[in-house]
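Understanding the architecture of this molecule
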Amino acid sequence: MDDSNQTSSLEGSVDPSLVSEDGKNVKSVLCQRCSSKVLCPGMAVISEKELFLPSMRKKTSIGQSDGSLDGDTLTAHWLVDDMYTFENVGFTKDVGKVKYLICADCEIGPIGWHCLDDKKSFYVALDRVNHE
């Protein structure tokens, strides 16, 4: 599998100080709210995949009156191929064929996405985490 196309197309949208030459995370990935460590350096690869993540803001109701869900379509993600690679992450109950990733300490999220059809792909959105 050639990941060179994925990394090169993301170069404009991703801070180059976050990604090593081989496409891995240089810094620790942390929860934005509580700073709990989600991933250690070098444990994930940069990936471009368009995914919809529901809003992280707490809502009084999940759906809006028209049935749509408030959230963001994000393209820059850290890709992890084994759920045991994470330092601190939780999973929501199944939402269709998807489980959303959340911080296991403060339960904010979703910070990422996992499709139940693909047991080896766990995505963490760069926009939903901090790096240190």
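Residues numbered from 1 in each chain as written. Predicted model: local features only at pLDDT ≥ 70, side-chain atom pairs only at ≥ 80, totals over all residues. Heavy atoms only, no water.

Below, the discussion takes up the overall build of the chain. Summing up its helical and strand segments, the chain has one helix and nine strands in all. In sequence order, the secondary structure elements of the chain are arranged as α-β-β-β-β-β-β-β-β-β. Within the chain, buried positions represent 39% of all 132 residues. Intrachain contacts of the chain at a sequence separation of at least 6 include 53% that bridge at least 24 residues. In the form shown here, the chain has an accessible surface area of approximately 7,700 Å², with 47% of it arising from carbon and sulfur atoms. (Helix = DSSP H or I, 4+ residues; strand = E, 2+ residues; numbered from the N terminus. Buried < 20%, exposed > 50% of the residue type's maximum accessible area, 1.4 Å probe, protein only. Contact = heavy atoms within 4.5 Å. Areas by Shrake-Rupley, 256 points an atom, 1.4 Å probe, with all protein chains shown as cover.)

Moving on: the confidence of the model for the chain. Within the chain, residue pLDDT values average 87, and 82% of them lie at 70 or more. Every residue in residues 1-8 is under pLDDT 50, and counting partners more than four places away or in other chains gives four contacts. In the model, residues 59-65 has pLDDT below 50 throughout and makes four contacts with residues more than four positions away in sequence or in other chains. (pLDDT = per-residue confidence, 0-100.)

What follows is about the packing of aromatic side chains. In total, this model carries three aromatic pairs according to the counting rule given. With 6.2 Å between their ring centres and 85° between their planes, Phe-86 and Phe-122 make a pair best called edge-to-face. With Phe-86 in the loop between β4 (71-80) and β5 (90-91) and Phe-122 in strand β8 (residues 122-125), the pair connects residues that are 36 residues apart, well separated along the chain. Measuring from centroid to centroid gives 6.1 Å for Trp-113 and Tyr-123, while their planes differ by 55°, and the two rings are tilted. Pair noted here: Trp-113 is in strand β7 (residues 112-115) and Tyr-123 is in strand β8, with a separation of ten residues, a long-range link. According to the relative accessible area criterion, Tyr-123 is buried, its value standing at 8%. (Phe/Tyr/Trp six-rings, centres within 6.5 Å; stacked < 30°, edge-to-face > 60°.)

Right, let's talk about the pairing of β8 for a bit. Remark: a regular strand shows side chains that alternate across the two faces of the sheet. Neither face of β8 is left uncovered, since the one carrying Phe-122 and Val-124 and the one carrying Tyr-123 and Ala-125 both have all their residues buried. Bridge analysis of β4 against β8 gives four bridges, and the strand direction is antiparallel. Its bridge partner being in β8, His-77 is matched across the sheet by Ala-125. Here three bridges tie β7 to β8, and the two strands are oriented antiparallel to one another. Looking across to β8, one finds that Gly-112 is bridged to Val-124. (Pairing = 2+ DSSP bridges.)

This part takes up the sheet that holds β4. Spatial strand order, β3-β4-β8-β7-β6-β5: six strands in an open sheet with antiparallel pairing. Since the sheet does not close on itself, it has two edges, and those belong to β3 (45-54) and β5, each with one partner.

With that settled, consider the nonpolar core. Ranked by internal contacts, the top residues of the largest apolar core, which has 19 residues, are Val-29, Leu-39, Trp-78, Phe-86, Leu-101, Val-124 and Leu-126. Elements that contribute at least two residues to this core include exactly β2 (37-39), β4 and β8. Examining the composition of this core, we find that three residues originate from one element, β4, more than from any other. Leaving out residues up to four positions away in the same chain, Phe-86 has contacts with Val-38, Leu-39, Val-80, Leu-101, Phe-122 and Val-124. Membership of the second largest hydrophobic core comes to ten residues, among which are Tyr-100, Trp-113, Tyr-123 and Ala-125. (Core = buried A, V, L, I, M, F, W, Y, C linked by side-chain atoms within 4.5 Å.)

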